[in-house]
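Take a look at the letters that make up each chain.
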Amino acid sequence: MQSSTKKSQNIVIGIFVGLVIFALGILTNARLHVLQAVTPNISNADSADTTPADFAPFWKVWNLIDAKHPNAATVDDQTRIWGAIKGLVATLDDPYSVFLDPTETENFDAAISGEISGIGIEIGVKNGVLTVIAPLKDSPAEKAGLRPGDTIFKIDGKESSTLTVDEAIDLIRGKAGTVVNLTIFSEGNTNPKDVKIVRADITIPTLDTKELGSGIFMISFYNFGANADREFKAAIKTFDASTSSKLILDLRGNPGGYLDASVQIASWFIPKGRTIVVEKTTDAAKETIYKSQGYTLTKKDFPFVILVDEGSASASEILAGALQEYKIATLVGTTTYGKGSVQEVIPVTNDTELKITVAKWYTPNGVSISEQGLTPDMVVSISDADIEASKDPQLDAAKELLAK
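Residues numbered from 1 in each chain as written. Predicted model: local features only at pLDDT ≥ 70, side-chain atom pairs only at ≥ 80, totals over all residues. Heavy atoms only, no water.

> When you look at the environment of Gly188 in this model, what are you seeing that I'm missing?
Positionally, Gly188 belongs in the loop between β10 (179-185) and β11 (193-198). Between the C-alpha atoms of Gly188 and Asp384, which are 196 residues apart in sequence, the distance is 9.9 Å. (Helix = DSSP H or I, 4+ residues; strand = E, 2+ residues; numbered from the N terminus.)

> Which parts of the structure should I look at to understand helix α8 (residues 315-325)?
Note: α-helices contain 3.6 residues per turn, so residues at a spacing of three or four share the same orientation. Here α8 lies mainly inside the structure; ten of its eleven residues are buried. Within α8 the residues assigned to the buried category are Ala315, Ser316, Glu317, Ile318, Leu319, Ala320, Gly321, Ala322, Leu323 and Gln324. (Buried < 20%, exposed > 50% of the residue type's maximum accessible area, 1.4 Å probe, protein only.)

> How should the pattern of salt bridges be read in this particular structure?
Pairs may arise between side chains of opposite charge once their charged atoms sit close together. Under the defined criterion, the tally for this structure stands at six salt bridges. With a closest N to O distance of 3.8 Å, Lys137 and Asp138 form a salt bridge. What makes Lys137 partly exposed here is its relative accessible area of 31%. The exposure class of Asp138 is partly exposed, given its relative accessible area of 47%. Taken together, the shared-partner salt bridges connect Lys137, Asp138 and Asp208 into one network. (Salt bridge = Lys/Arg side-chain N within 4 Å of Asp/Glu carboxyl O.)

> What exactly am I supposed to notice about the packing of aromatic side chains here?
One pair of aromatic rings is described through two measures. These are the centre distance and the angle between the planes. What the rule picks out here adds up to 15 aromatic pairs. The interplanar angle of 50° and the centroid separation of 6.0 Å between the aromatic rings of Phe302 and Phe304 together place this pair among those described as tilted. The same class applies to Phe302 as to Phe304, namely buried. Here a set of aromatic residues connected by ring pairs shows up, and it is made of Phe217, Phe221, Phe224, Phe232, Phe239, Phe269, Phe302 and Phe304. Cation over ring: Lys126 sits above Tyr337, and NZ or CZ is 4.7 Å from the ring centre. The side chain of Lys299 reaches across the aromatic face of Phe239, ending 5.0 Å from its centre. (Phe/Tyr/Trp six-rings, centres within 6.5 Å; stacked < 30°, edge-to-face > 60°. Lys NZ or Arg CZ within 6 Å of the ring centre and 35° of its normal.)

> How do you make sense of the side chain of Asp101 when you look at a structure like this?
Topologically, Asp101 is positioned in the loop between β4 (98-100) and α3 (102-113). Among buried charged residues, Asp101 stands out as having no salt bridge; its nearest opposite-charge side chain is Lys86, 4.1 Å away. (Lys, Arg positive; Asp, Glu negative; His and termini not counted.)

> What exactly am I supposed to notice about the sheet that holds strand β19 (residues 304-308) here?
As summarised here, the arrangement of the six strands in space is β13-β14-β15-β19-β20-β23, forming an open sheet in which the pairing is mixed. Every other strand in the sheet has two partners, leaving β13 (207-213) and β23 (378-379) as the edge strands with one partner each. Here strand β15 (residues 246-250) pairs with β19 via four bridges, running parallel. In the strand pairing of β19, Leu247 is matched with Phe304. Packing against the sheet, α8 makes contact with β15, β19 and β20 (330-333), and its axis sits at approximately 140° to β19. (Pairing = 2+ DSSP bridges. Contact = heavy atoms within 4.5 Å. Axes fitted to C-alpha atoms, helices over the stretch in contact; angles between N-to-C directions.)

> Quick question: what am I supposed to make of the environment of Gly177 here?
Within the secondary structure layout, Gly177 lies in the loop between α5 (165-172) and β10. A relative accessible area of 52% places Gly177 in the exposed class. Counting along the chain gives 21 residues from Gly177 to Val198, while the straight-line C-alpha distance between them is 5.8 Å. Not counting chain neighbours up to four residues away, the residues in contact with Gly177 comprise Val198 and Arg199.

> Even after reading the chapter, I still don't get the pairing of strand β14 (residues 216-221), so can you show me in this structure?
Regular strands place their side chains on alternate faces of the sheet. For β14, the tally of buried residues reaches six of six residues, placing the bulk of the element in the interior. By the alternation rule, side chains of β14 split into Ile216, Met218 and Ser220 and Phe217, Ile219 and Phe221, which are all buried. In this sheet, β14 lies alongside β13 in antiparallel orientation, the contact comprising six bridges. What sits directly across from Gly213, in β14, is Ile216. If you look at the hairpin formed by β13 and β14, you'll find two residues sitting between the two strands, and Ser214 has a positive phi there, around 55°. Where β14 and β15 come together, five bridges link them in parallel fashion.

Written as structure tokens, this is what we have:
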């Protein structure tokens, strides 16, 4: 994702936050403050809106920074422009739209490709608070006991309420072997706790498979990354060729990923031509319907349970929501995260990107899960005591349900 010629891609991920495009191509070879006197108003040549924007306050503040702030000389002009673009997108009040500067673009592309350095955690803003969406499997964050729904109060002593999600990500990530200290609140606990976590080089896993006995095959599915549909195809073919007759798909802690991957995976279970998800833009007349490709398995009408929790987000909710509404699978666990918008990743320059919300998605029955999430057919919670005792009441409930 480093070339400006790459194709934009739709992505439904709840990990980073918002932005837009800012055209300053006329400012190539001169210091920006010199232009204040000659260009107080600038109109957008790429827009049908002919009303000029008054940029005089922008240039005035630029000049005042140069004239008065002791740190002005330490911030180069390009960094200021990136900051201006970030402020522009912040006016959208959308936590899922974000402009990614060169460093953030590099980090984002690495995360999507499955290679990152940090503690292995997906975070987002929920109800205005920095929240753990999911720790990745076998990551330092998971081993330190972080769970979906934990809220992050401080990062190395800095209050998260003063940070954007991208700033929080930058603070949490770091060189392998270094330590980050998080102050968190866990659900049901009124007192915060400090958790010291040693960063590591992390490869994001896609899935694992396991035969549980009693004819049950389980696919533990961790993310909808670039290779998810290919790896899932291999896993579901393994199930199809096995002696197992029942399936558990574990989407707990799966924060989502590519929309196309969720559609391809749903196509293994939903008959050809049936709607999987509907995208709706601000233009009510424009909507995109994603339909099943109708991939075939030898096994038919097998008992099927999907495990979900508050860490199941975006693409996970698309898949689980469609299979629940068609009554193909029974959902067991707790209410999902509730991330029902679609982002498109668009190159802005060779080393920057815009991730912007372009639509909201709806289940086949027209239900938006934004904020509210999916409600399982069988609600089963898991407590800290269960985890400490290595118990999994949600998985136990799924196995009991399949035994019937």
